[in-house]
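# Structural description and commentary
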Amino acid sequence: MAENFPIIAYFMVIIFIYISPLMSKQPPKLETNFLPPNLQNLSIAKTLRDDPDAIKLASSDYGNIVQEIPAAVLYPSSKNDIASLIKFAHSSSSPFNIAARGQGHSVRGQAMARNGVVVNMTSLEDRINGSGIVVSRSPSLGFYADVGGGQLWGDVLHATLERGLSPVSWTDYLYLTVGGTLSNAGIGGETFRFGPQISNVFEMDVITGTGDFVSCSPEKNMNLFHAVLGGFGQFGIITRARIALEPAPKRVKWVRMLYNDFTAFARDQEHLISINGRKQNNALDYLEGLLLMNQGSLGSPHDWRLSFFPSNDHSRILSIIKKYGIIYCLEVAKYYDDHTLESADEELQVLFKGLSFITGFTFEKDVSYVDFVNRTGKMEDDSKLTHPDGVGPTSHPWLNLFVPKSQISGFNSGVFKDIVLKRNITTGLVLFYPMNRNKWDDRMSAVIPDEDVFYTIGFLHSSGFDEWEAYDAQNKDILQFCYNAGIEVKQYLPNYKTKEEWKNHFGMKWRTFQERKALFDPKMILSPGQRIFNDN
Ligand code: FAD
């Protein structure tokens, strides 16, 4: 026996070497007490993670203000994994919450699920390895792209450009997911003409809160289609969206003009967006606006907000900002290609006739279409999206509002002049531009003011991690001022704490929103971080 021992030991080592990889493929047991134990018996258990890296990512977002710890994170290998998880949660005697997470670029925990499961949508797209964007054409729709819900808009741009095509409605930043922006609206400089991104979707595949796969469009399962667009992730997880495409332009004339008179600025913006037919050649392709304020950090000629302008002009721009306190900057673009170069120039000249910007303060660039659409770059490369001093952990206490046109002048004097300028803490970008209500579809869940033209105002604050409360206090004062002055603002990317506030936000749409929730997610398990039906 003793002499056989080395041989037995040898075989045991060999056996161990062979079976240890198999043993390590067993799903690690989840340590959580919050999920039903029989979840471990499902085949998706192997794609659930509760290790510190997975939990840390899923309990944080771009805002860096809210933290909610999930019990586990699903890294789906197929859409079926997501459906199995939701079906299980829905039919369990103790249902748990589930949130799709795109890039987690929300600012108030909207993609989090305390003690529930976060579904990492981008991991699904990574696994299907580039097959998540398919470009096609049909006689009735023209060109379109079928795109996975976790795809980044930047990847959609590159894939469609390879075919000489492009979506028509963009957000300013492209490293957001398709499912994430469609759950809000997806707005930017093209919205006045082409509508928000939700107005450019032909159909979707959705896994509802009961775990069912449903294809929906304005013709088929239209109630779900309209519910999901702008629906804050409340009715289902978008796994595919069919996005409208047009031939891609090659180049862009990109122009900024400065105003010291708010009334002239708003009048010119409103005039320019009144020419807005989708096929109207003499319309602009893009219009936004921003504020340049005489505040602490905008004293330096090296400030990133001046980077668009030629460096030789920085000092004269700074001097008018100092003189007037606030300078309003109109930003427009006209797309062109080899055949339309001359006409684009002429059309711009006609459009600019009669505008009231400060003489001598108009600046033009000529850039490629891809550089224009991707002008904010990717966050890691782009210091303007991080802490103003470029150091330390950053929070983003953003406030995004829609303000009716009829009340915009009161907003300018009460908010910009009396609160923001006087308080002198605003460091990030302040966006300000109008859009047309008729480019939105009122049957969708997204909520906008009840006027033909309304403005979006984005206070895109960056603050030190321990400074965000001062910005939050300013945000609250802005909302309180609007309330007291009867300015009927709607929040975009809203952040409310009570059901009463949500009811008020939705107004006439609240009843429909509730009915759709009861229909498509009756156990109220989806996207609890929005805090509409859950306290999270
Ligand atoms: P997440 O933050 O991960 O998710 C947002 C919500 O949608 C959550 O409730 C989540 O559960 C749900 N959700 C995510 N994926 C799905 C899915 N597949 N199906 C159903 N529900 C889902 N917005 C604009 O409109 N215009 C802009 O120009 C713009 N610029 C931005 C610039 C930056 C730098 C940042 C950080 C944000 C910007 N946003 C803009 C806001 C952006 O649209 C939202 O943050 C949006 O939520 C997209 O982010 P996301 O893909 O990371 O989604």
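Structure first, text after, so check above.
In this text the structure is predicted, and so the values were computed from the model without any measurement.

The immediate surroundings of the ligand are formed by 35 residues, with A100, G102, S106, T177 and Y492 found nearest. The backbone of I187 places a nitrogen or oxygen atom 2.8 Å from a nitrogen atom of the ligand. A distance of 2.8 Å separates a nitrogen atom of the ligand from a polar backbone atom of I238. Within the complex, the protein chains bury 96% of what would otherwise be the 960 Å² of accessible surface of the ligand. Going through the elements one at a time, β3 (98-101), α6 (178-182) and β10 (236-244) are the ones with two or more residues in the shell around the ligand. Per-class residue counts for the shell around the ligand are 14 nonpolar, 19 polar and two charged.

Of note, N115 is a non-glycine position whose phi angle comes to about 60°, a positive value. Note that N115 resides in the loop between β3 and β4 (117-120). Even without glycine at this site, N221 takes up a positive phi of about 50°. Relative to the elements of secondary structure, N221 occurs in the loop between β9 (213-216) and α8 (222-228).

Enumeration over the complete set of coordinates arrives at 29 salt bridges. As a salt-bridge pair, D172 and R375 come within 3.1 Å of each other at their nearest N and O atoms. Of this pair, D172 sits in the loop between β7 (165-166) and α6 while R375 sits in the loop between α12 (369-373) and β16 (394-395); the two residues are 203 residues apart in sequence, bridging distant segments of the chain. Note that D441 and R443 form a salt bridge whose closest N and O atoms lie 2.8 Å from each other. R443 sits in the partly exposed class, given a relative accessible area of 45%. Among the charged side chains, a network of salt bridges with common partners joins D146, E203, D205, R240 and R242.

Ranked by size, the top nonpolar core spans 122 residues in total, and within it M204, L258, F411, F416, W440 and F459 carry the most contacts. Per-element tally for this core: the top contributor is strand β14 (residues 326-336), with eight residues. Of the residues that make up this core, three or more belong to each of domain 1 (12-248 + 498-536) and domain 2 (251-492). Residue contacts for W440: discarding those within four places in its chain leaves A185, I187, T191, P196, I198, S199, F402, M435, A446, I448 and F454. Among the nonpolar cores identified, the runner-up in size contains 24 residues, and A71, L85, I237 and I525 belong to it.

Right, let's get into the layout of surface pockets. When its volume is computed, the second largest pocket comes out at roughly 1,200 Å³. Together, 40 residues line the second largest pocket, and V489, K490, Y496, N504 and H505 are the ones closest to its centre. In terms of residues, the lining of the second largest pocket owes the most to one element, helix α14 (residues 468-485), which gives seven residues. The two domains that each donate at least three residues to the lining of the second largest pocket are domain 1 (12-248 + 498-536) and domain 2 (251-492).

Cut-offs and rules
- Residues numbered from 1 in each chain as written.
- Predicted model: local features only at pLDDT ≥ 70, side-chain atom pairs only at ≥ 80, totals over all residues.
- Heavy atoms only, no water.
- Near = heavy atom within 4 Å.
- Polar contact = N/O pair within 3.5 Å; in protein donor to acceptor, adjacent residues only side chain to side chain.
- Areas by Shrake-Rupley, 256 points an atom, 1.4 Å probe, with all protein chains shown as cover.
- Helix = DSSP H or I, 4+ residues; strand = E, 2+ residues; numbered from the N terminus.
- Nonpolar A, V, L, I, M, F, W, Y, C, P; charged D, E, K, R; others polar.
- Salt bridge = Lys/Arg side-chain N within 4 Å of Asp/Glu carboxyl O.
- Buried < 20%, exposed > 50% of the residue type's maximum accessible area, 1.4 Å probe, protein only.
- Core = buried A, V, L, I, M, F, W, Y, C linked by side-chain atoms within 4.5 Å.
- Domains from an automatic or database assignment.
- Contact = heavy atoms within 4.5 Å.
- 1 Å grid on protein atoms, 1.4 Å probe; cavity = no way out; pocket = protein on both sides within 12 Å on 5 of 7 lines; lining within 4 Å.
- Points joined across faces, edges and corners; volume = space filled by probe spheres on them.

Interpretation note: all reported values are geometric properties and have no functional meaning in isolation.
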